[in-house]
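Overview (structure and organization)
One-letter residues, chain by chain:
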Amino acid sequence: MNKAMKIIALSILASVIAGGTGASAAGLYADGLRGADHQLLLQVTTYAGTGDMGNVNGRTNAAQFRLPAGIAVKPDGAVLFSDSRNHQIRKIYSGLVTPYAGIYYEMDAKGFPIGGRLDGASDLSLFSGPQGIATDAQGNVYVADTGNHSIRKIDPSGNVSTIAGDGVLGKEDGPGSKARFNSPLDVAVAADGTVYVADTLNHAIRSISPSGQVTTLNAASVRAVEVSPGQAAPAGDFADGALAQAKFNEPSGLALDGKGNLYVSDAGNQRIRYIDLQQGTVTTAAGSGKAEALKDLYVPGGFADGEALNAAFNFPLGLSVTEEGGVVIADSQNHSIRYLLDGQVSTLAGAPDQTTGEADGIEGYAQLHRPTDVAVLEDGSLLVSDAYNNKIRQIRPFRLPANLPDDTNVKVVLDDKWIEFDALPEIGNGRTMVPVRAITEALGYNVTFDDAARAVQLSKDGVTIELYIDRTGVKRIEQGQAGVEKSTDAAPYIKQDRTYVPVRFFAEEIGLDVEWDSKTRTAILRTTGK
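As recorded in an unreviewed UniProt entry, the protein chain goes by the name Copper amine oxidase, listed as coming from Paenibacillus validus.

**Details of the domain arrangement of the protein chain**
Per the domain assignment, the segments of the protein chain are domain 1 (42–397) and domain 2 (411–527). Here the C-alpha centre of domain 2 lies 46 Å away from the C-alpha centre of domain 1.

**A look at the sheet that holds strand 6 (residues 96–101)**
Here five strands make up an open sheet; going across it, the order is 2-6-5-4-3 and the pairing antiparallel. Each end of this open sheet is capped by a strand with a single partner; those strands are strand 2 (58–59) and strand 3 (68–73). In this sheet, strand 6 lies alongside strand 2 in antiparallel orientation, the contact comprising two bridges. The partner of Gly58 across the bridge, within strand 6, is Val97.

**Focus: the nonpolar core**
Val412, Ile439, Leu458 and Leu525 are the most contacted members of the largest nonpolar core, which has 26 residues in total. Tallying contributions element by element places helix 3 (residues 436–443) first for this core, with four residues. Every residue in contact with Leu458, bar those within four places of it in the chain, is listed here: Val436, Thr440, Tyr445, Asn446, Val447, Val463, Thr464, Ile465, Leu467 and Phe506. One finds Tyr29, Ala330, Leu368 and Leu382 within the second-largest nonpolar core, a separate group that totals 19 residues.

**Comments concerning the packing of aromatic side chains**
One pass over the full model with this rule turns up five aromatic pairs. Ring centres 4.7 Å apart and planes at 55 degrees place the aromatic pair Tyr263 and Tyr274 in the tilted group. With Tyr263 in strand 21 (residues 262–266) and Tyr274 in strand 22 (residues 271–276), this residue pair connects regions lying 11 residues apart in the sequence. As far as burial versus exposure is concerned, Tyr263 and Tyr274 are alike and both buried. Between Tyr445 and Phe506, the aromatic rings sit 5.7 Å apart at their centres with planes inclined by 85 degrees, giving edge-to-face as the arrangement. With Tyr445 in the loop between helix 3 and strand 37 (446–450) and Phe506 in helix 4 (residues 503–509), this pair connects stretches of sequence that are 61 residues apart.

**Structural notes on the sheet that holds strand 27 (residues 336–341)**
The strands making up a sheet associate through backbone hydrogen bonding, with each pair oriented either parallel or antiparallel. In space, the five strands of this open sheet follow the order 24-28-27-26-25, with antiparallel pairing throughout. Among the strands making up the open sheet, the edge pair consists of strand 24 (306–307) and strand 25 (316–321). Two strands pair when backbone bridges link them, and strand 24 and strand 28 (residues 344–349) are joined in this way by two bridges, in the antiparallel orientation. Bridging across to strand 28, Gly306 finds its partner in Val345.

**Structural notes on the environment of Arg471**
Tracing the chain through its elements places Arg471 in strand 40 (residues 471–478). We classify Arg471 as partly exposed; its relative accessible area is 39%. Considering only alpha carbons, one finds Arg471 and Val227, 244 residues apart in sequence, at a separation of 65 Å. Once residues lying within four places of it in the same chain are set aside, the contact partners of Arg471 are Glu485, Ala491 and Pro492. A polar side-chain atom of Arg471 sits 3.2 Å from a polar atom in the side chain of Glu485.

**Considerations on the UniProt feature "domain: Copper amine oxidase-like N-terminal" (unreviewed entry) in the protein chain**
Mapped onto this numbering, the UniProt entry annotates "domain: Copper amine oxidase-like N-terminal" (unreviewed entry) at residues 414–524. Here residues 414–524 runs as 14% helix and 51% strand, with 6 Å between its end C-alpha atoms.

**As for the pairing of strand 22**
Here is the key point about a regular strand: its side chains alternate between the two faces of the sheet. Of all six residues that make up strand 22, six are buried, and the element is covered over most of its length. Going residue by residue along strand 22, you find Arg271, Arg273 and Ile275 tucked away on one face and Ile272, Tyr274 and Asp276 tucked away on the opposite face as well. Where strand 21 meets strand 22, five bridges bridge the pair, whose relative direction is antiparallel. Residue pairing across strands places Asp266 opposite Arg271, the latter belonging to strand 22. Between the antiparallel neighbours strand 21 and strand 22 lie four residues, among them Gln270 with a positive phi of about 55 degrees. Strand direction decides the pairing type here: strand 22 and strand 23 (residues 281–286), joined by five bridges, are antiparallel. Considered in strand 23, the bridge of Ile272 is made with Ala286.

Reading guide: rules and limits
Residues numbered from 1 in each chain as written. Predicted model: local features only at pLDDT ≥ 70, side-chain atom pairs only at ≥ 80, totals over all residues. Heavy atoms only, no water. Domains from an automatic or database assignment. Pairing = 2+ DSSP bridges. Helix = DSSP H or I, 4+ residues; strand = E, 2+ residues; numbered from the N terminus. Core = buried A, V, L, I, M, F, W, Y, C linked by side-chain atoms within 4.5 Å. Buried < 20%, exposed > 50% of the residue type's maximum accessible area, 1.4 Å probe, protein only. Contact = heavy atoms within 4.5 Å. Phe/Tyr/Trp six-rings, centres within 6.5 Å; stacked < 30°, edge-to-face > 60°. Polar contact = N/O pair within 3.5 Å; in protein donor to acceptor, adjacent residues only side chain to side chain. UniProt positions renumbered as here; feature names shortened; annotations may be inferred.

In structure tokens, the structure reads:
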């Protein structure tokens, strides 16, 4: 990474992106279906936001945001998120987006909202670039008010107060009113009322006791890095071991697990760290960045799934813990959502080549743009603050239709619907063979037969898929172009006056994802994107 890019990355981390909140819900791996490559079958949709930058309340599909950051779920199921560049906390409930705290009161010369710092009633309070948020069982909401270098609290009655930070950049422990922070990006609240803070540009994990006392838990970084000729900047560091001697590099996301211990997105070290608060130790839970030889502002980012200590991230941010003990990670600059479970890291959503975009769709086809935080809903689905898309996205495990017969017959599902056939599908030469008329009607294709060529032709929108009776091979013919035949290992056949075709080859040629669930003997066809 060159020096200019280092400075840009530092600015992005400091001003835009935030961490997460821990939550419990149904287990993703325990409950979810998986494909042939063991990939969880998931669907990414837009939960709220048009994608346009603005400040519009109302129905979720018409709402507008400016760089949504932290996200959390209240005990009553309401979803809260920090709308960072609108300097507000907003609420999603029953299909509506409404203000929760902070007012939208003034614009700068370029037409962007201006933040401020003011306690009081929620509809009179002011925030400045709020980021990570967390809730407790009593309905209190805690906010990392990044631009104000403060930690704020919203009580169940809607009153906003400052529990720590005097609004001045610095690093001071002591009573909350005298404590100082430097661009805190996330908070997590323990059952005993202790609030933990990712004090990002102080490279520190801080705690705020229920009485309001602020304490720094780890050792200070004393590194400085030359970011341009003759200009040095303070930088984070790395050390595992005893908590009092441990070091971090821009910690940016926090989540408490079921034991009351703390996961940390150590963004500048490209690692997920684990603080055992009972034992007073810090270990690396995932990530393989070469932090020990760190000479730059940040460890170089990367992308790799697999064994946790060999996995690679690119500025991981918000975290959330699932019921099964896994950690969901907003891997911001890989534009992906990753999952750490049982010592393995996998990718839940995001394009495999880490390209940006906003397309909905199934796991590897869906696109994100700088996701900053994640939250787990009670039904096991995930919510994502998709910051640069100005949207809240939802990731749901794929579920088989409730009316799917519980028998040993071969079945076919298209997205969330069971396709009923007038004759049962069957397995032939290891392939799922289906009556052609029923499958084409379900998919909206027109079927014709070329008797001379003994071919079945399936057509829609100028595209024809051609398969051959008792002969392998499939040809895709687009209007005005010569078709190219591909080899297959299964051939259509006629049985009892019905033509059976191999569903996989036809489905894949028209762009569907095809999976097989052996437990229910079901071929699963899914639309890859929208």
